[in-house]
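# Descriptive structure summary
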Amino acid sequence: MMEWGHAMRELSTAIDHLAAEDPSEIPHLQLTQQLIELHWQMARLQAQIARRTSVRTPGG
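What this report covers is the structure whose coordinates are included nearby. (Residues numbered from 1 in each chain as written. Predicted model: local features only at pLDDT ≥ 70, side-chain atom pairs only at ≥ 80, totals over all residues. Heavy atoms only, no water.)

### Remarks on helix α2 (residues 28–53)
- Relative to the 38 Å expected for 26 residues at 1.5 Å per residue, α2 spans 37 Å between its end C-alpha atoms, a close match to the ideal helical length.
- Among all positions in α2, only Leu31, Gln34, Leu38, Gln41, Leu45 and Gln48 are buried.
- Among the residues trailing α2, serine 54 stands out with phi positive, at a value near 60°. (Helix = DSSP H or I, 4+ residues; strand = E, 2+ residues; numbered from the N terminus. Expected span 1.5 Å × (residues − 1). Buried < 20%, exposed > 50% of the residue type's maximum accessible area, 1.4 Å probe, protein only.)

### Considering the nonpolar core
- Core analysis: the largest hydrophobic core is formed by eight residues, namely Ala7, Leu11, Ala14, Leu18, Ile26, Leu31, Leu38 and Leu45.
- A per-element tally of this core places helix α1 (residues 4–20) first, with four residues.
- Sequence-distant contacts of leucine 38, defined by excluding residues within four places in its chain, comprise Leu11, Ala14, Ile15 and Leu18. (Core = buried A, V, L, I, M, F, W, Y, C linked by side-chain atoms within 4.5 Å. Contact = heavy atoms within 4.5 Å.)

### Some remarks on the side chain of glutamine 34
- Turning to its location among the elements, glutamine 34 is positioned in helix α2.
- Judged by its relative accessible area of 15%, glutamine 34 falls in the buried class.
- If near-sequence neighbours (up to four positions away) are discounted, glutamine 34 is found in contact with His17, Leu18, Glu21 and Ile26.

What follows is the structure in structure tokens.
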């Protein structure tokens, strides 16, 4: 299981990386891959938050 602090650092790094780049200079495939990775990091972080706060998804 990914550590909370590690997940936060990964997400922060991914956001900083995207923010530092000019999207018009990034090839579309690379930008798409970065956005997908950011999405998955956010989803993992949300799952960790849910587990730590005992929040469950509907029907879960």
